[in-house]
Amino acid sequence: FEEAYEGKSTLFGGNDGGVVSRHCFYLAESDSDDKIAHVTFSETPRGEELAARYMKNGELILRRTFWHSWGSNKVESTEVFTRC
């Protein structure tokens, strides 16, 4: 699907809005409790992001990998969400 945004975006890039192309699917994930993750692949003017969401020991894990459009390096992060 496509997600439109308006104005300047430090996250997606551009000064006058634009469109982020997103693709959602499921992939095998060995770290997950049920061995599957919901994955979103996003294409932006700044680069491409792969976000994998899955459950592990009752916590929601969000693992992001971003590849800059202007270089071969990547940025990875992991967020852990717990129920209070």
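Residues numbered from 1 in each chain as written. Predicted model: local features only at pLDDT ≥ 70, side-chain atom pairs only at ≥ 80, totals over all residues. Heavy atoms only, no water.

Here we look at the pairing of strand 5 (residues 59-68)
Alignment of strand 4 (residues 47-56) against strand 5, held across 10 bridges, turns out to be antiparallel. Across the sheet, the residue bridging to Ala 51 is Arg 64, located in strand 5. Between strand 4 and strand 5, which pair antiparallel and follow one another directly, the connecting turn spans 2 residues, one of which, Asn 57, has a positive phi of 55°. As paired elements, strand 5 and strand 6 (residues 74-81) share 8 bridges and run antiparallel to each other. Within strand 6, the position partnered with Arg 64 by the bridge is Ser 77. Hairpin connection between strand 5 and strand 6: a loop of 5 residues separates the two successive antiparallel strands. (Pairing = 2+ DSSP bridges. Helix = DSSP H or I, 4+ residues; strand = E, 2+ residues; numbered from the N terminus.)

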